[in-house]
Amino acid sequence: MRVRGTAAESAAFVQRPDHRLRQVRYGKAGLGADPAAMMGHEGGVIMTIIPLARAPYPAMSSPLLERIRIATIAAPDIAAIESLYSTWLDQTVRERGRVPAQLAASWGAPDAAGRPYVLLATDPHPDVFIRVVETDAVPGYRAMTTWGWNAIEIIIDDIDALYARLSDSPFEFIGLPASLGVRYPSIHAMQVKGPAEDVLYLTTETGDRAASSLPLPGGLVGRPFIMVAAGPDIAAMREWWTSHFNMLPRDINTSMSTLTRKAQNATADAQFTISLVYLH
């Protein structure tokens, strides 16, 4: 989706050394079987996202994806996630139901059919959802240690106000409010983890929002605008998304993510590769 002529939504990918990864498989009851770009692995990993700066677009045909509409969380206790997100992140229940068989099949997870789900959204963006689906608990599963879809990034308005609010919440802070650094000093983010090992990046533009690549939040908590995935071959992942959906790739860069190093018990000098593909 393009907002004010800038790229506002994207997917971010990270590649990790194989010896630092532990694969988790949910089987047929799992949610969201990974496409070819995920190399058949599933799970949840987190990685630092670098929002896009304003840049000219290369000439290319129309994208096949235009907006992130739903981000899905798999949780053993969907009531706990519903309560947490509604109380602390201004989410409102928009729909309840059970996963249709056709939808479960499209995920490559046929045994998810019939599982309870709930759709949540904020009032400023009632058509962009966080979907929470009941799934079996995976013994020993920890966020940021496996390949596959791993985090949701949500645009917010005031990071200091939301930090103060969440300081009294059950969310675990895994990254405190901070600037993204020299390249994006006015973009600030923090990271939290919920009871299902669900990881959220909460990101705001503290500078000129009219000139920013980030979408407008519309309220203290806005909507998902970046999805994060991890895998063994970042070039192959990036190529899969750009070739199948006509998304625009960014360069592959080296990152020394503190969050990732801590989650992986990696050495202080451990490096990971990161890239972005984004919508037009």
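Here, every reference points to the structure presented above.
The notes below deal with the structure included here. Throughout this document, residue positions are counted from 1 along each chain, in the order its sequence is written. Under the rules for a predicted model, residues below a pLDDT of 70 receive no local features and side-chain atom pairs below 80 are neither given nor counted, while totals for whole chains, interfaces and linings still include all residues. Side-chain measures here rest on the full set of heavy atoms in the structure, leaving out hydrogens and waters.

Further remarks concern the overall build of the protein chain. The number of helices and strands found in the protein chain is 5 helices and 15 strands. Burial analysis of the protein chain (280 residues in total) assigns 51% to the buried set. In this analysis, two residues are considered to be in contact whenever any of their non-hydrogen atoms come within 4.5 Å of each other. Across the protein chain, the fraction of contacts at a sequence separation of at least 24, relative to all contacts at a separation of at least 6, is 75%. Shrake-Rupley sampling with a 1.4 Å probe provides the accessible areas, and residues are treated as covered by the protein chains on show and by no other component. About 11900 Å² of surface is accessible on the protein chain, with carbon and sulfur atoms providing 53% of the total. A run of H or I in DSSP counts as a helix once it spans at least four residues, and a run of E counts as a strand once it spans at least two, with each numbered from the N terminus. Classification of residues uses two cut-offs on accessible area relative to the type maximum, computed with a 1.4 Å probe and protein chains only: under 20% is buried, over 50% is exposed, and between them is partly exposed.

A separate point is the pattern of salt bridges. Only one rule defines a salt bridge in this text: a Lys or Arg side-chain nitrogen within 4 Å of an Asp or Glu carboxyl oxygen. Per the stated rule, a full pass over the model turns up 8 salt bridges. Across the salt bridge formed by Arg-67 and Asp-127, the nearest N and O atoms sit 3.1 Å from each other. Of this pair, Arg-67 sits in the loop between strand E3 (10–15) and strand E4 (70–75) while Asp-127 sits in the loop between strand E6 (116–121) and strand E7 (129–134), and the two are 60 residues apart along the sequence. Judged by its relative accessible area of 28%, Asp-127 falls in the partly exposed class. In this structure, the salt-bridge partner of Arg-94 is Asp-123, at a minimum N-O distance of 2.8 Å. Residue Arg-94 is located in strand E5 (residues 92–98), and its partner Asp-123 is located in the loop between E6 and E7; the two are separated by 29 residues in the primary sequence. In this structure, a network of salt bridges that share partners links the residues Glu-172, Lys-193 and Glu-197.

A pair of aromatic rings is counted whenever rings of Phe, Tyr or Trp (Trp by its six-membered ring) have centres within 6.5 Å, and the orientation is called stacked for planes under 30 degrees apart, edge-to-face for over 60 and tilted otherwise. What the rule picks out here adds up to 6 aromatic pairs. For the pair Tyr-163 and Phe-173, a centre-to-centre distance of 4.9 Å together with 65° between the ring planes defines the contact as edge-to-face. Here Phe-173 lies in strand E9 (residues 172–179) and Tyr-163 lies in helix H3 (residues 159–166), a separation of 10 residues in the sequence. A connected cluster of aromatic rings, assembled from ring pairs, spans Trp-149, Trp-240, Trp-241 and Phe-245.

On the secondary structure map, Tyr-184 appears in the loop between E9 and strand E10 (187–193). On the basis of relative accessibility, which here comes to 8%, the residue Tyr-184 falls in the buried class. It is 9.4 Å that separates the C-alpha atoms of Tyr-184 and Glu-205, two residues lying 21 residues apart in sequence.

Turning next to unusual backbone geometry. The phi dihedral of Asp-90 falls on the positive side, at around 60°, and the residue is not glycine. Assignment of secondary structure puts Asp-90 in the loop between helix H1 (78–88) and E5. When its relative accessible area of 32% is taken as the criterion, Asp-90 is described as partly exposed. For Glu-197, which is not a glycine, the phi torsion comes out positive at approximately 60°. When you line up the elements, Glu-197 lands in the loop between E10 and strand E11 (199–205).

The rule for pairing is simple: two strands pair if DSSP sees at least two bridges between them. One open sheet holds the 4 strands; their spatial order is E4-E7-E6-E5, and the pairing between them is mixed. Two strands bound the open sheet, and with one partner strand each, they are E4 and E5. Between one strand and the next, the sheet's axes are offset by a mean angle of 20°, whatever the strand orientation. Of the strand pairs in this sheet, E4 and E7 are connected by 6 bridges, and their pairing is parallel. Bridge pairing in E7 places Thr-72 opposite Arg-131. Lines fitted to the C-alpha atoms define the axes, with helices restricted to the stretch that makes contact. Angles between their N-to-C directions range from 0 to 180 degrees. On top of the sheet, H1 reaches E4, E5, E6 and E7; it is set at about 10° to E6, its chief contact.

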